[in-house]
Structures are given as structure tokens and as C-alpha cells.
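Residue-level structural notes
Take a look at the letters that make up each chain.
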Amino acid sequence: MSSSRLEQALQVAFGDPDLLRLALSHRSHAFEAGGLPTNERLEFLGDAVLGIVVTEWIYLRFPEASEGRLAKIRAAAVNAHSLAEVARALSIGEEVLLGRGEEQSGGRDKDSILADTMEAVLGAVYLDGGQGVASELIGRLFGDLLDEIATRRTSLDYKTSLQELTAGQLATLPVYQLTEEGPDHAKQFTARVSVDGDVAGSGHGRSKKEAEQAAAEHAYGALVERLAVGSAPSDEEA
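Residues numbered from 1 in each chain as written. Predicted model: local features only at pLDDT ≥ 70, side-chain atom pairs only at ≥ 80, totals over all residues. Heavy atoms only, no water.

1. Quick word on the nonpolar core
Under the convention used in this document: In this description, a nonpolar core means a group of buried Ala, Val, Leu, Ile, Met, Phe, Trp, Tyr and Cys residues linked to one another through side-chain atoms lying within 4.5 Å. Note on classification: 1.4 Å probe, protein chains only; a residue is buried when its accessible area is under 20% of the maximum for its type, exposed when over 50%, partly exposed between these limits. Strands here mean DSSP runs of E at least two residues long; helices mean DSSP runs of H or I at least four residues long; both are numbered from the N terminus. By definition, residues are in contact when any of their heavy atoms lie within 4.5 Å.
The biggest cluster of nonpolar side chains holds 43 residues, and the ones touching the most others in it are Met118, Val121 and Phe142. Among the secondary structure elements, those contributing two or more residues to this core are helix H1 (3-10), helix H2 (17-23), helix H4 (40-61), helix H5 (67-77), helix H6 (80-89), helix H8 (111-129) and helix H9 (131-151). Phe142 has contacts with Leu50, Ala77, Leu83, Val86 and Leu122, leaving out every residue within four places of it along the chain. Ala191, Val195, Ala215 and Leu223 belong to the second-largest nonpolar core, a separate cluster that totals 14 residues.

Following this line, the structure appears as C-alpha cells:
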């Protein structure tokens, strides 16, 4: 996919194509290219833009929902896993500029890289076209996901659900292991959750909590399928 095809996928035409290229420039590529600018500042901006648009959407969509439920819906919609899935649907992995090491280690399909790049692209759209264009794009990309999350009891608290499932069905509790990488201002966490000594799921995130939730979601789905247990995750208010 070329950058022009990515613009077609986004349904956004950039007035400044250099902004889109910057949004696709992972720090590994920038370092190997002699210290070029990275997409991290655009990622920072895109995170804020996405947050305010999603927050406004769910605030207006659910006037009776408590602050706790609104926070859970927002967290489920903008976590690294959800962002990475949106990025995959746009084939952003084909476009991201990576260094050789990240390229060889499968960086084009890493949740953390895809999520960060997705946010950087949103930041670039905001700078290039303004808040209206960015809001419209976010609505198209995340609207279905938000509707699904908000109207179902799943995807909101998988750590609690996994604990209830393993305690009730296996008489054991999940155990989490965390690793981290990246500079202090851009930490990426990987969580692995084990059940009875076997790794049941893994996940990535920009915080420990986010990574553990992603790992729990992975493990919960696998265990429900294995045990043929149809109970849905709990969604008690925070």
C-alpha cells in the first residue's frame, strides 16, 4: 500500500503529505536514518484528540451512564488492542517505517507499534485538516466498536471475569507476569497470564493495567472456548 492508498483507506486527503510520512516514522527507523524526527509527538497529540472525541461521543450517547461506566467504555475503546485492530483494518502495518531490527522481529504486526502509529496518524489528520476532519474520521473508524462495547457486557473488565472463571471452574487463580521496554516517556508493557502454570494469554499496552487487561481478555476467550462456559464478563460499576 502506498501513502496515497492509505489516504484512500482513511478517506482523507492530506494537504501536507510530509505530515503523514512523519506519522508513519517509528523511532527505530528514525534512529537508523541518522536521527530523523519520529512520530512520537504526533502520537501524543493523537492520543489527546482520540480521547476527547470518544469521551464526548459516549457522554452524549449515554446520558444516564455513571462516570465509572463511561470510563470503562472509553478505556475499552482506546486501549492498545483496539487501536491495533483499527490499524490492521487500514493496513497501516504495511506503511509504517521501521528500522531493520523491528522489521525482522515482526514489528509490522505488533500491537504496540500499530496502536502508536494509529494515534500518530490521528494527530497528523488533526494538524492537517482540523478538529472537524479528525472527529469525522474517528467516528467512522471507531463508531462500530464503540456501539459494540457500549451495548454488550463484554470487553469491560476481563481481569475480574478471568478470576471468577478460573476460581469457579478450575479452583485456581490467574498469575500475571509483566515486562517493559522503551524509554521512560514511551514505555510499552507486555503481560502474560498463566493458569495452573500454563500461559493462557498475553497482551500489550502503554500501562501495566492495560497490558494485563489485554492478556486477561485473550486468556478469557481461550478458556471459555475450552471449557464451553458461556458466562459473560461482569460489568459492575467502578
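2. Structural notes on the sheet that holds strand E1 (residues 175-181)
Which entries qualify depends on this criterion: Between any two strands, pairing holds if DSSP finds at least two bridges. Axis lines are fitted to C-alpha atoms, over the contacting stretch for helices. Their N-to-C directions set the angle, which ranges from 0 to 180 degrees.
As summarised here, the arrangement of the three strands in space is E1-E2-E3, forming an open sheet in which the pairing is antiparallel. The outermost strands of the open sheet, each flanked by one partner alone, are E1 and strand E3 (198-205). Averaged over all neighbouring strand pairs, the angle between strand axes comes to 20°, with direction disregarded. Contacts between helix H11 (residues 208-227) and the sheet are confined to E1, strand E2 (188-195) and E3, with E3 contributing the most and set at about 140° to the helix.

3. Remarks on empty space enclosed by the protein
We apply this condition: With a 1 Å grid laid over protein atoms only, a set of points is called a cavity when a 1.4 Å probe fits there but cannot get out and a pocket when it is open yet has protein on both sides within 12 Å along at least five of seven lines; lining residues have an atom within 4 Å of a point. Grid points are joined across faces, edges and corners, and a volume is the space filled by probe spheres set on the points. In this count, Pro and Cys sit with the nonpolar residues alongside Ala, Val, Leu, Ile, Met, Phe, Trp and Tyr, while Asp, Glu, Lys and Arg are called charged and the others, Gly among them, polar.
Applying the stated criterion across every chain, the model contains one cavity of 30 Å³ or more. Roughly 40 Å³ of volume is contained in the largest cavity. If you trace the largest cavity, you find it lined by His26, Arg27, Asn39, Glu40, Glu43 and Asp116. Here the residues of the lining of the largest cavity are counted per class, giving no nonpolar, two polar and four charged.

4. Describing the environment of Glu217
Tracing the sequence through the fold places Glu217 in helix H11. Judged by its relative accessible area of 25%, Glu217 is partly exposed. Ignoring any residue separated from it by four or fewer positions in sequence, one finds Glu217 in contact with His81 and Tyr158.

5. Section: the layout of surface pockets
Space inside the second largest pocket adds up to approximately 230 Å³. As for the second largest pocket, its lining consists of Arg27, Glu40, Glu43, Phe44, Asp47, Asp116, Glu119, His185, Ala186, Lys187, Gln188 and Arg206. Only H4 and H8 provide two or more residues apiece to the lining of the second largest pocket. Looking at which element gives the most residues to the lining of the second largest pocket, the answer is H4, with four residues. Counted by class, the lining of the second largest pocket contains two nonpolar, two polar and eight charged residues.

6. Comments concerning the pattern of salt bridges
Pairing between side chains of opposite charge can happen when the charged atoms of each approach one another. We count it as follows: Each salt bridge in this description consists of a side-chain nitrogen of Lys or Arg and a carboxyl oxygen of Asp or Glu lying within 4 Å of one another.
According to the stated counting rule, one finds 13 salt bridges in the structure shown. Note that Arg100 and Glu32 form a salt bridge whose closest N and O atoms lie 3.6 Å from each other. Taken together, the residues Arg100 in helix H7 (residues 100-104) and Glu32 in helix H3 (residues 27-32) connect sequence positions 68 residues apart. The residue Arg61 makes a salt bridge to Asp147 at a minimum N-O spacing of 3.8 Å.

7. A closer look at the pairing of E3
The pairing of E2 with E3 spans seven bridges and is classified as antiparallel. By the bridge assignment for E3, Val193 is matched with Gly201. The hairpin formed by E2 and E3 contains two residues between the paired strands, and Asp196 there has a positive phi angle of roughly 55°.

8. Let's talk about the packing of aromatic side chains
Put simply, the rule is: The aromatic pairing rule takes the rings of Phe, Tyr and Trp, using the six-membered ring of Trp, and pairs them if the centres are within 6.5 Å, calling planes under 30 degrees apart stacked, those over 60 edge-to-face and the rest tilted.
Going through the model one piece at a time under the given rule, you end up with two aromatic pairs. When the centroid spacing of 6.4 Å and the interplanar angle of 70° are considered together, the rings of Trp57 and Phe62 count as edge-to-face. Given the relative accessible area of 15%, Phe62 is considered buried.

9. Side note on the packing of H4 against H8
Short version of the rule: Note on terminology: angles under 35 degrees are roughly parallel, angles over 145 are roughly antiparallel, angles of 65 to 115 are roughly perpendicular, and the others are oblique.
Running from N to C, H4 and H8 point in directions that differ by 80°, and their axes come no closer than 6 Å. What the angle tells us is that H4 and H8 run roughly perpendicular. Along its contact with H4, which presents Leu42, Glu43, Leu45, Gly46, Asp47, Val49 and Leu50, the element H8 presents Asp116, Glu119, Ala120, Leu122, Gly123, Ala124, Tyr126 and Leu127. Looking at the contact of H4 with H8, its residues break down into nine nonpolar, two polar and four charged.

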